[in-house]
Amino acid sequence: MTTATSVVVTRPGDRDVLETRSAELGPPAPGEVQVEVAAAGVNFIDVYQRQGVYPIPTPFVLGQEGAGTVVAVGPDVDGYAAGDRVAWCQSLGSEATVVNKPGSALVRVPDGLDLEVAAAAMLQGLTAHYLVTSTYAVKQGDVALVHAAAGGVGQLLVQMVTARGGSVVATAGSDEKCEIARSLGATAAINYSEVPDLAAAVRAAAGRGVDVAYDGVGRSTFEASLASLRPRGLMVLFGGASGQVPPFDIQRLNQLGSLFLTRPSIGAYIATREEYEWRASEVLGALADGSLHLEIGGRYPLTEAAAAYEALEGRRTTGKLILVPGD
């Protein structure tokens, strides 16, 4: 038995429902691996689960992604040994000092890649990857709209779109954040707090309607995203940082030019081990060789998880926030 400290959601609600608790953690069960956690990622899906938008019986340990070092291997697990460096996503209960995870949830972290970066990359990195390779396979000459381009997913999207030969019209909430998007390769960056008609500004920057709109902001940008698209363009609504989009009349897609609308989530894009390993190896490999950059925008101890989520929900951050053991 070992003692694990974790961030617990005691009941559905705001950040005040979070508690840091310590409890005994047993050895890994058959099929499981015990990992000493180096860092866990902070994501909006955690907020939806904490609030009860995505209902989970309480109490539960928060967090969907992390990285660390294997300390024990349970029965019926092949391919892992103590000392291996691993990462994971889509696995609830990651915000803890030590966790037992299914071996099937883990991927290897390349040598030379910091475990904190690996933890920060899993959910948002694989999200950006499936968005540009599968939801809409960006190709040479495509123009993509990327909202919240200085955020965790946004920064990765800008880099991945441009690496595939596309160009990016980015939006962000401040001039400083717009400059971050430009530094990562965005052709144009628009401070949406300073333009009266965001869609018109996007079209002017692109010179036409965009081919795809990657929108993780939701309620406050949804209409502008639709109005920014070319005929038969694709609206990709992959999150709701500003709130969930209200019920939508699909006839409007016809009126706006035979548009396409999708609401993807990562689970459908890493449904097989082969696809999961492909996406993880490409993202972590690119980070390891320096062709992809990930900014860690803030490190918080587990005991300050509420402050991390306050910063995330207030959209005051750039890059990715992580939780780490200790002070």
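Enquirer: Help me out: how do you make sense of the overall build of the chain in this one?
Expert: From N to C terminus, the chain includes 9 helices and 16 strands. At 20 Å, the chain has a C-alpha radius of gyration in line with the 20 Å of a compact globule built from 327 residues. Overall, the chain is about 60 × 40 × 35 Å in size when its C-alpha atoms are taken along their principal axes. The buried share of the chain, taken over its 327 residues, is 54%. Of the contacts formed within the chain by residues at least 6 apart in sequence, a portion of 68% connects residues at least 24 apart. As displayed, the chain has an accessible area near 13,400 Å², and 51% of this comes from carbon and sulfur atoms. Positive and negative side-chain charges in the chain, numbering 24 and 35 respectively, have mean positions lying 7 Å apart.

Enquirer: I would appreciate a short explanation of the side chain of Thr221 in the present structure.
Expert: When you line up the elements, Thr221 lands in the loop between strand S12 (210-215) and helix H6 (222-228). For Thr221, a relative accessible area of 3% corresponds to the buried category. Only 2.8 Å separates the side chain of Thr221 from the side chain of Asp215, close enough to count as a polar contact. Residues in contact with Thr221, not counting those within four places in the same chain, are His147 and Asp215.

Enquirer: Please clarify how helix H3 (residues 152-163) should be interpreted in this entry.
Expert: In an α-helix there are 3.6 residues to a turn, and that puts residues three or four apart on one side. Its 12 residues give H3 an end-to-end C-alpha distance of 17 Å, which sits within 8% of 16 Å, the value for a rise of 1.5 Å per residue. The element H3 is largely enclosed, with a buried count of 10 among its 12 residues. Along H3, the residues that are buried comprise Gly152, Val153, Gly154, Gln155, Leu156, Leu157, Val158, Gln159, Met160 and Val161. Downstream of H3 by one or two residues, Gly165 has phi in the positive range, about 95°.

Enquirer: Looking at this model, I keep getting lost on the pairing of S12. Mind explaining?
Expert: Regular strands have side chains that alternate between both faces of the sheet. Within S12, 6 of the 6 residues are buried, which leaves it mostly tucked inside the rest of the structure. Summarising the sheet, strand S9 (residues 143-146) and S12 pair through 3 bridges and their orientation is parallel. What sits directly across from Ala144, in S12, is Val212.

Enquirer: Just to check I follow, could you spell out the sheet that holds strand S4 (residues 60-61) for this structure?
Expert: The strands that make up a sheet pair up through hydrogen bonds in the backbone, lying either parallel or antiparallel. With antiparallel pairing, the 3 strands of this open sheet are ordered in space as S2-S1-S4. Pairing within the sheet leaves two strands with one partner each, and these edge strands are strand S2 (18-25) and S4. Examined bridge by bridge, strand S1 (residues 2-9) and S2 share 8 bridges and lie antiparallel to one another. Within the sheet, the bridge partner assigned to Thr2 lies in S2 and is Leu25.

Enquirer: Mind showing me how you'd approach the environment of Ala39 here?
Expert: Take Ala39: it is sitting in strand S3 (residues 32-41). With near-sequence residues (within four places) excluded, Ala39 lies in contact with Gly66, Ala67, Glu116, Ala119, Ile322, Leu323 and Val324.

Enquirer: Quick question: what am I supposed to make of the packing of helix H2 (residues 115-135) against H3 here?
Expert: A pair of packed helices is characterised by two quantities: the angle between their axes and the separation of those axes. In the contact formed by H2 and H3, the axes pass within 9 Å of each other and the chain directions differ by 40°. On the basis of the axis angle, H2 is oblique to H3. Helix-helix and strand crossings are classified by hand; for H2 and H3 the assignment is right-handed. Every residue of H3 that contacts H2 at Gln124, Gly125, Thr127, Ala128, His129, Leu131 and Val132 is listed here: Gly152, Val153, Leu156, Leu157, Met160 and Val161. In terms of residue class, the contact of H2 with H3 is built from 8 nonpolar, 5 polar and no charged.

Enquirer: Any chance you could explain the nonpolar core here in plain terms?
Expert: The nonpolar side chains of a soluble globular protein tend to be buried, and buried together. In terms of nonpolar packing, the biggest core is built from 70 residues, with Met122, Leu126, Leu157, Tyr214 and Leu287 touching the most fellow members. Among the elements that line this core, the one with the most residues is H2, at 13 residues. Setting aside chain neighbours within four positions, we find Leu157 in contact with Ala128, Leu131, Val132, Val146, Tyr214 and Phe238.

Enquirer: Help me understand the sheet that holds S9, please; the structure alone is not making it clear to me.
Expert: Within the open sheet, the 6 strands sit side by side as S11-S10-S9-S12-S13-S14. Their pairing is parallel. At either end of the open sheet lies a strand with only one pairing partner, and these are strand S11 (188-191) and strand S14 (260-262). With strand direction ignored, the average angle separating the axes of adjacent strands in the sheet is 15°. For strand S10 (residues 167-172) and S11, the ladder comprises 4 bridges, and the chain directions are parallel. The partner of Ala170 across the bridge, within S11, is Ala189. Those strands touched by helix H5 (residues 198-206) are S9, S10, S11, S12 and strand S13 (229-237), and its axis lies near 165° from that of S11.

Reading the values: the criteria
- One numbering rule holds for all chains: residues counted from 1, following each sequence as written.
- Totals for whole chains, interfaces and linings use every residue, but because this is a predicted model, local features are given only for residues with pLDDT of at least 70 and side-chain atom pairs only at 80 or more, for both listing and counting.
- Heavy atoms from the whole structure form the basis of all side-chain values; hydrogens and water molecules are not counted.
- Numbered from the N terminus, helices here are DSSP runs of H or I no shorter than four residues, and strands are runs of E no shorter than two.
- The globule rule is 2.2 Å times the number of residues to the power 0.38, and the radius of gyration it is compared with is taken over C-alpha atoms.
- Partly exposed residues are those whose accessible area sits between 20% and 50% of the maximum for their type, while under 20% is buried and over 50% is exposed, using a 1.4 Å probe and protein chains only.
- In what follows, a contact means two residues having at least one pair of non-hydrogen atoms within 4.5 Å.
- What sets the accessible areas is the Shrake-Rupley method with a 1.4 Å probe; for residues, cover comes only from the shown protein chains.
- For this count, His and the chain ends are skipped, Lys and Arg are scored as positive, and Asp and Glu as negative.
- In this description, the location of a charge corresponds to atom NZ of lysine, CZ of arginine, CG of aspartate or CD of glutamate.
- Any pair of nitrogen or oxygen atoms within 3.5 Å is treated as a polar contact; in protein, a donor-acceptor pairing is required on top of that, and neighbouring residues in sequence qualify only through side-chain atoms on both sides.
- Expected span of a helix, by definition, is 1.5 Å for each gap between consecutive residues, and there is one gap fewer than residues.
- Note on pairing: DSSP must find at least two bridges between two strands before they are called paired.
- With axes taken as lines fitted to C-alpha atoms, and helix axes fitted only over the stretch in contact, angles between N-to-C directions fall between 0 and 180 degrees.
- Orientation categories follow fixed angle ranges, with anything under 35 degrees roughly parallel, anything over 145 roughly antiparallel, 65 to 115 roughly perpendicular, and all other angles oblique.
- Take the far helix as the reference: if the near one is turned anticlockwise from it by less than a right angle, the crossing is left-handed, and if turned clockwise, right-handed.
- Gly is placed with the polar residues, together with every amino acid not listed as nonpolar (Ala, Val, Leu, Ile, Met, Phe, Trp, Tyr, Cys and Pro) or charged (Asp, Glu, Lys and Arg).
- To define a nonpolar core, start from buried Ala, Val, Leu, Ile, Met, Phe, Trp, Tyr and Cys residues and group those joined through side-chain atoms within 4.5 Å.

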